[in-house]
Amino acid sequence: MAVSLEGLKNLMSKKLVLPPDDDAEDLDDLSAEPQIKGFQRVSSDAEVSSRYISIGSVSLKSYMSRDSEFTSYMTRWEEAICRLMTGELRRIVNRINDWKKDGCGMGINGEALTEIFHHCRWAANKVNLFRGRSDLVDAGISGSGKTTLMAKLAAEAYALEKAAGVETHQQRRRPVVIRFCGTSPGSNDGLSLITSITTQILFLYEGEARRTPPPATFAEALAQFHAALATYPVILFIDSLDQLGNAYLERSRISILQDVQPHPDSVIVVSTLPDEKDPLTGLWKYCYQCETRLKESRTPVLKVSAMEEESKTMELLQTMLLVQYKRTCSPRQWTYIRQQTMVEPTALYLQLACRVISSWASYDQGCELAEGVQPLITQIFTALERDYGVALTRAALGFVTFSVQGVNDNEIQDLLSLHDAVIDDVFQYSSLSIRRLPFHVWARLRSALEGLIVEKQSGCLKWYHRQLQEAAERRYQFEKQTLHKLMGLYFGNCLAPDLQHSRLIATQPLLHSDIPVWLPSTRINRRRCAEAGFHLVQAQQYEEAARLLCNMDEICACVKSGFAIEMLHNLVDIEAALPTLGWDEDMAQQVSHYVRWLRTYLNMINEHPTMNIPLTALLQPPLSFAHRDMVTTLAGMRSTCSMAAMTLDIDVDVARLTHAWIVAHRFGGPSRFGRKLSSISTYAENVSRVCFSPDGQQLATALADRRVSIWDRMTGLETVAFMGHTKGVLAICYNRDGRYLASAGADGTVRLWEVSTGTEVACYEGHRDAVTAVVFSSDDRHIISASYDSDICVWNGVTTLSMEHDGGLHRSFQTPLIRTITSAHDGAMICGLALSPNNQFLASRGLDYQMKIWKNDESFALVATLYGLGFMASNVAFSPDGQLVASGGDENTIMVWETSTWTLVHTIQGHTDQVYSVTFSPDGRFLAAGDQARVVKVWHMTTTTATEVLHLDGHNLAVYSVSFSPDGKLLASGSSDSTIGIWDVRLPQRSDSDTPEEADTTADLLPEEEPKGHFKIVDSLAIRPVTGDRLVSGSYDKTVKLWDTTTGDEVATIREHSRWVYCVCFTPDGQQIVSGSDDGKACIADAQTGTVVRTLALSETVDSSQGVMSVAVSPCGSFIVTGANDSRVRLWESATGALLWEEDTFDAAVAQAAAEVAAAKQSLTAEKRRELTSRQRVSAVTFTADGRFLAAGSFDNSIHVWRCDTREKVNCWRNEHVREIMTLYSSRCGGFLVSASRDTTVGVWSMRAGRRLHRLAGHTRFATCAIFTPDASRVVSISVDKTIKIWCVATGHLLHSLILHHQSGYSLAISDDGRHLFAGYGDGTIVSLEFWALNNDEGPPPVAMHTKDVAELDR
């Protein structure tokens, strides 16, 4: 405030002249400037002290008697002061707003300026402490002075640049930018850091010429940051990378600088704490991985060590004492100081020593200075407790230590006031009416902490250095539980009202405004989101924590504030404690349901919390508490959001969009929880292998995008990714203690990784083709790998590696290869490898229909050859006791051998397609297998039988890998649909003699899924014309279902088909449904009852080679067209079912190639046969809206167009798409077609122009369906990448991208009025969305509104 305390005193001593009453301003209008006669608004102390303002006078008699004259005088005085202060407050608010807007005219917002000034001041303070040194070698240990060195380097760089500019008369010189990570709100995480740096660089070079909008995502911020560094030369210093968070891998991978290409004249300098192991235990003491990443990239490193030269150390200490504290010491004291200091002469020790020494008197003889940093910190803490009281100091420092983000002054005053021991100790000699700690008591202690603490975001105080934090954690560990409880109750707003009132404790509401949390302009209490749940859980206040976190508003606030992961961890901790709590069933289930929901959808929720929280919660089964709570929340949101839009000046589009989110809901899906706990999206094309860590807490995956990823099992979040392979990763394996992971890649290498750091320990090169399998020996001495080159290689393992550093990487010694079994399968590719638990036998599975058993010793003699396996690739698995070995067999079987005699004991039948992966449970009672049919089956194994006990259906494509958790309760599956499934496979205890009928098959089992609706891929959707009251769906579960679009209820089910249903549509009058299936039939059914009235059969028998992939009905309703697997388009008469016309879509050359393939098909594998046959499929057919043309799309990448009256082909667009065409639809208002293709693109075609108008590229995986909106102004597409995208037809631009469900999307339908969009997904779910809010401002426009645009585009 511009008016100082002295100025106010002067003001109050003067006389004020009040205006007449009729000129008085309305004091309620804060925007009004006070217009007091004879006086202008005060803006400085000088003006206050020099201006006399009269308000009249009062006589002594009136003053003494307090009569009406005195009362009138005081009223006038109060009004004048009120007017004056109101004006000053308005001026301050305006000034703050000006600062926030553009730094009071500087052209950059005040938040960014504050961040810049903070780091400049921090650097200046550090430069004052710097003294030259020449021994910057060895290791950059904690406290060695890296931060001070960085500040000095920045100052020197600035001086050199300034001098160079003066010498060369250059107007522009390289700016010096510096950041000290973790010391300010804008330097705590990678997103804030690079946003701040980018803003500063652009401001320095471009000023106000360019206002870059703040990035919405880390990817956007990173792109802007790299662009700024590439465009402009800059000298950039980033100190303490290890202090950054790791939400964006900015610490573990240094993602902010990964692949950066700065300007040639730029210099980037970073500092970090080294990764350091405890020499006694061999465990990591500090492992932030920054140093490891820098060494891997061969970055030049300057290592800062402790000072060893005594004279330089003492010189620096004397200078620091003189500069900082204006004092020196006696000779006797210097002698003692020299002796103590040289034990650990780091920069941190010297700084702390100066603090202690400054309190000595020159005549003190018993001065104490502890040896080493940690003892010295303990000495400082002891002195603080002695000077300011043990209870107060321990509590205050404990709050600073154990808080998540620190505590600010107001919070710590409240927290100390809640601490009874502190209040009793501080006021032991006085009595209080209000038991609240006076602020000055804390202020004295805070002043004494100067130099030990630093102020961060929201004024929160945290320890300046990590060693201070570590020392405080050890010292105050016994108070930890009490402090956590107080902070949890305080930040969670769980205090008793009478306690809160009696001690004047501030409330901690979720929001600081009346605007709902779901709207963009709300003000969230970030402090509550950061602190409350964590402290309640740590204090074991589980009931309060559950009430706090199992709330939709709280979850939305936490996610929007950036604490989604922490929130889920807190809920997981509560769930883990449930068995010991004895809660009622509802409360316990609520926590479990929320955890289950968030595990599956957290990544999706993070992308767009406001939209995806309601959507994903409603996708839970109706019995889920998350589903129920969301329904309740949405009911309140309808009225709340409408009122907010009217009364709080919220943008109308926001309120409309919010409404659109509210009405989205699900048709069908499981009515109860199934066994699938979560589905993790890897965003890779294929998950080749999954593997649980030995402790069961992590899940490793081998991915086709060259990554080896480690996932947190509880949260489903990727914790680290190992990058080193140059092609896809095909196999992985943990060593026995989980510290190392071996990976095998298509690049022909085997790589060994240290899991905690992501460091590549060794790279084994020797195979001549892709390495498909890798295993550790039980003692970790050997790593064994197998390859498509038919060789088996034995390498030195973890216990025999030489761990000498070479440029930052651990390297094995020069001869890691011990032995090679050349052409182990006579040249056939090897696809599986397994070691018996006792390490005696090695089993290898080849594509030569054989499994070979080798003696695992120096001889590697062939023990047995097992026959009868199929050609398809499958892995090998030994049972835990080593008595059985299993692998996928021929004709969709699993074959199991007994290892004592190597005889076949089981041929397990039950899978409907090739088995790719098998694994035994840890107790050996169960065998799990994943197959080409997208299914995981679990078999109960006895000595004589194998019985199916679980059928797990939840993937959209083939399952390539399965892995049990170490406790056997969970099963992980990896699929080519890019996801990892985690299943609960707890099964009843049975003895080997029990048959499934004799055992209790219900004990310890979760309820099986009872699907309401479809339970497999929904491949087609259609809405009844005109009325829009019915939706029809066709699914891979062989059914056609009819739905009420208003209620979402299932009306009828048609079970006429015996194989997958590919396509459905209504007749134009909406009275009948037409469906097509892989069984070779098209069925016509009544739309009211579902009764089949007619069947169009392409074959007398069920024949998938003539399966109907697509159907369409002519606008007049007289004709039905079908597209089939045999490449033919057929036209049928609707009334009689008579075949009127058919044509092959293949040309002669393609047909000849197909014939040659057919002749050779007996010698092909099943997978190759499927691939070649699929090229003939007609996957899409459609009529144009006027009925003049018929179009068909095929798996041979072609689109064909015929005239309906003459049956003449008028167009053939071949290879415009480079992969199979999935769907083809016509617009309702013009001659346009839209196609979706497996090449990830969508095509928009003009019938009149005879060409493609737009190639819409944006999906990352197969585009499975694309349709027009009724007015043809938009195209809506859906993809296996889970996204729905909305495109502008006129421009081809992407308008919106949505994710409504975590599963792959396959089908779309939109109502005739354009208001409702329906999407079908891979798990059988159908999601409905009120679409118009995303499409147009005021709902769907009539067709005429778009006629001009369509005509222009058509030309």
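Residues numbered from 1 in each chain as written. Predicted model: local features only at pLDDT ≥ 70, side-chain atom pairs only at ≥ 80, totals over all residues. Heavy atoms only, no water.

Some details on the overall build of the protein
Line of reasoning, step 1. If you tally the helices and strands in the protein, you get 32 helices and 65 strands.
Line of reasoning, step 2. Sequence-distant contacts in the protein: of pairs separated by 6 or more residues, those separated by 24 or more amount to 55%. (Helix = DSSP H or I, 4+ residues; strand = E, 2+ residues; numbered from the N terminus. Contact = heavy atoms within 4.5 Å.)

Describing the nonpolar core
Line of reasoning, step 1. Counting 126 residues, the largest nonpolar core has Phe399, Leu416 and Trp597 as its most contacted members.
Line of reasoning, step 2. In terms of residues, this core owes the most to one element, helix α25 (residues 585–607), which gives ten residues.
Line of reasoning, step 3. Sequence-distant contacts of Trp597, defined by excluding residues within four places in its chain, comprise Met552, Ile555, Ile605, Ile613, Thr616, Ala617, Gln620 and Ala626.
Line of reasoning, step 4. By size, the runner-up hydrophobic cluster in this structure holds 25 residues, among which are Val177, Ala221, Leu241 and Ile254. (Core = buried A, V, L, I, M, F, W, Y, C linked by side-chain atoms within 4.5 Å. Buried < 20%, exposed > 50% of the residue type's maximum accessible area, 1.4 Å probe, protein only.)

Details of the pairing of strand β40 (residues 1030–1035)
Line of reasoning, step 1. Of all six residues in β40, six are buried, a share of seventy percent or more.
Line of reasoning, step 2. Burial along β40 is two-sided: the face carrying Arg1030, Val1032 and Gly1034 and the face carrying Leu1031, Ser1033 and Ser1035 are both buried.
Line of reasoning, step 3. As defined by bridge partners, strand β39 (residues 1018–1023) adjoins β40 across five bridges and the pair is classed as antiparallel. Along β40, the bridge assignment pairs Leu1021 with Ser1033.
Line of reasoning, step 4. Hairpin connection from β39 to β40: six residues lie between these consecutive antiparallel strands, with Val1026 at a positive phi of about 70°.
Line of reasoning, step 5. The pairing of β40 with strand β41 (residues 1040–1044) spans five bridges and is classified as antiparallel. Note on β41: the bridge partner recorded for Leu1031 is Trp1043.
Line of reasoning, step 6. In sequence, β40 turns back onto β41 through a hairpin of four residues, with Lys1038 there showing a positive phi of about 75°. (Pairing = 2+ DSSP bridges.)

Some points on unusual backbone geometry
Line of reasoning, step 1. Here the phi dihedral of Ser978 falls at roughly 75°; this positive angle occurs in a residue that is not glycine.
Line of reasoning, step 2. Locating Ser978 in the fold gives a position in the loop between β37 (970–975) and β38 (979–984).
Line of reasoning, step 3. Even without being glycine, Ala1272 reaches a positive phi, approximately 60°.
Line of reasoning, step 4. Secondary-structure assignment places Ala1272 in the loop between β59 (1263–1268) and β60 (1274–1279).

Side note on the pattern of salt bridges
Line of reasoning, step 1. The final tally for this structure, using the stated rule, is 45 salt bridges.
Line of reasoning, step 2. With a closest N to O distance of 3.1 Å, Lys1041 and Glu1050 form a salt bridge.
Line of reasoning, step 3. A salt bridge links Asp1312 to Arg1228, with the shortest nitrogen-to-oxygen separation between them at 2.3 Å. Placement of Asp1312 in the loop between β63 (1305–1310) and β64 (1316–1321) and of Arg1228 in the loop between β55 (1221–1226) and β56 (1232–1237) is noted, with a sequence separation of 84 residues between them.
Line of reasoning, step 4. Residue Asp1312 is classed as partly exposed on the basis of its relative accessible area, which comes to 36%. (Salt bridge = Lys/Arg side-chain N within 4 Å of Asp/Glu carboxyl O.)

Quick notes on the packing of helix α21 (residues 526–538) against helix α24 (residues 564–577)
Line of reasoning, step 1. With their axes 9 Å apart at the nearest point, α21 and α24 run at an angle of 25° to one another. For the element pair α21 / α24, the angle class is roughly parallel. Note that α21 runs across α24; the crossing there is left-handed. Between α21 and α24, the contacting residues are Gly533, Phe534 and Val537 on the first element and Asn570, Asp573 and Ile574 on the second. (Axes fitted to C-alpha atoms, helices over the stretch in contact; angles between N-to-C directions. Parallel < 35°, antiparallel > 145°, perpendicular 65-115°, else oblique. Left-handed = near helix turned anticlockwise from the far one by under 90°.)

Structural notes on the pairing of strand β32 (residues 915–920)
Line of reasoning, step 1. The buried fraction of β32 amounts to six of the six residues, a majority that puts the element mostly inside the structure.
Line of reasoning, step 2. Pairing between β32 and strand β33 (residues 926–931): five bridges, direction antiparallel. Each residue of the ladder has a partner; that of Ser917, found in β33, is Gly930.
Line of reasoning, step 3. Taken together, β32 and the strand that follows it, β33, pair antiparallel across an intervening segment of five residues, in which Gly924 is found at a positive phi of about 80°.

Re the packing of aromatic side chains
Line of reasoning, step 1. Scanning the model with the defined rule gives 17 aromatic pairs in all.
Line of reasoning, step 2. Pairing Trp122 with Phe180 gives two aromatic rings, centres 6.3 Å apart and planes at 45°, and the pair type is tilted. Pair noted here: Trp122 is in helix α5 (residues 110–129) and Phe180 is in strand β1 (residues 176–180), with a separation of 58 residues, a long-range link.
Line of reasoning, step 3. Exposure remark for Phe180: the relative accessible area of 1% places this residue in the buried category.
Line of reasoning, step 4. Put simply, the rings of Trp122, Phe180 and Tyr464 pair up and form one aromatic cluster. (Phe/Tyr/Trp six-rings, centres within 6.5 Å; stacked < 30°, edge-to-face > 60°.)

Overview of the environment of Ala626
Line of reasoning, step 1. With respect to the helices and strands, the residue Ala626 is situated in helix α27 (residues 625–647).
Line of reasoning, step 2. For Ala626 and Ile613, which are 13 residues apart along the polypeptide, the C-alpha to C-alpha distance reads 9.8 Å.
Line of reasoning, step 3. If sequence neighbours within four positions are ignored, Ala626 has contacts with Met552, His593, Tyr594, Trp597, Ala617 and Gln620.

Quick word on the confidence of the model for the protein
Line of reasoning, step 1. The share of residues in the protein with pLDDT of 70 or more is 79%, and the mean pLDDT across the chain is 80.
Line of reasoning, step 2. For the protein, the element scoring lowest by mean pLDDT is helix α1 (residues 5–13), at 35; strand β43 (residues 1061–1066) scores highest, at 96. (pLDDT = per-residue confidence, 0-100.)

Regarding helix α12 (residues 347–357)
Line of reasoning, step 1. Counting buried positions along α12 yields ten of eleven residues, so the element is predominantly enclosed.
Line of reasoning, step 2. Residues Leu348, Tyr349, Leu350, Gln351, Leu352, Ala353, Cys354, Arg355, Val356 and Ile357 constitute the buried set of α12.

Things to note about empty space enclosed by the protein
Line of reasoning, step 1. Taken as a whole, this structure holds five cavities of 30 Å³ or more when the rule is applied.
Line of reasoning, step 2. Empty space within the largest cavity amounts to approximately 170 Å³.
Line of reasoning, step 3. Forming the walls of the largest cavity are 18 residues, and the residues nearest its centre are Thr600, Asn603, Met604, Ser681 and Tyr683.
Line of reasoning, step 4. Counting residues per element, the ones that place at least two in the lining of the largest cavity are α25 and β9 (676–681).
Line of reasoning, step 5. The element best represented in the lining of the largest cavity is α25, accounting for seven residues.
Line of reasoning, step 6. Here the residues of the lining of the largest cavity sort into seven nonpolar, seven polar and four charged. (1 Å grid on protein atoms, 1.4 Å probe; cavity = no way out; pocket = protein on both sides within 12 Å on 5 of 7 lines; lining within 4 Å. Points joined across faces, edges and corners; volume = space filled by probe spheres on them. Nonpolar A, V, L, I, M, F, W, Y, C, P; charged D, E, K, R; others polar.)

Brief notes about the side chain of Ser1273
Line of reasoning, step 1. Note on placement: Ser1273 falls in the loop between β59 and β60.
Line of reasoning, step 2. Take Ser1273: its relative accessible area is 3%, and that puts it in the buried class.
Line of reasoning, step 3. Polar contacts involving the side chain of Ser1273 include one to the side chain of Asp1271, which spans 2.8 Å. (Polar contact = N/O pair within 3.5 Å; in protein donor to acceptor, adjacent residues only side chain to side chain.)

Some points on a nonpolar patch on the surface
Line of reasoning, step 1. Side chains of Leu60, Tyr63 and Met64 sit close together on the surface and give an oily, nonpolar patch of about 370 Å² of accessible area.
Line of reasoning, step 2. Here Leu60 lies in helix α3 (residues 60–65).
Line of reasoning, step 3. According to the relative accessible area criterion, Leu60 is exposed, its value standing at 63%. (Patch = residues over 30% accessible without salt bridge, like charges linked within 9 Å, V, L, I, M, F, W, Y side chains within 5 Å. Areas by Shrake-Rupley, 256 points an atom, 1.4 Å probe, with all protein chains shown as cover.)

Here we look at the environment of Ala228
Line of reasoning, step 1. As for its placement among the helices and strands, Ala228 is situated in helix α8 (residues 218–231).
Line of reasoning, step 2. Linking Ala228 and Tyr205, residues 23 residues apart in sequence, is a C-alpha distance of 9.8 Å.
Line of reasoning, step 3. If we ignore the near neighbours within four places in the chain, the residues touching Ala228 are Thr198, Ile201 and Leu202.

Focus on the packing of helix α22 (residues 542–549) against α24
Line of reasoning, step 1. Two elements in contact, α22 and α24, have axes whose closest approach is 10 Å; the angle formed by their N-to-C orientations is 135°. Taken together, the axis directions place α22 and α24 in an arrangement best described as oblique. The element α22 and its partner α24 pack so that their crossing is left-handed. On α24, the residues that touch Tyr542, Ala545, Ala546 and Leu549 of α22 are Met567, Asn570, Leu571, Asp573, Ile574 and Ala577.
Line of reasoning, step 2. Class assignment of the residues belonging to the contact of α22 with α24 gives a composition of eight nonpolar, one polar and one charged.

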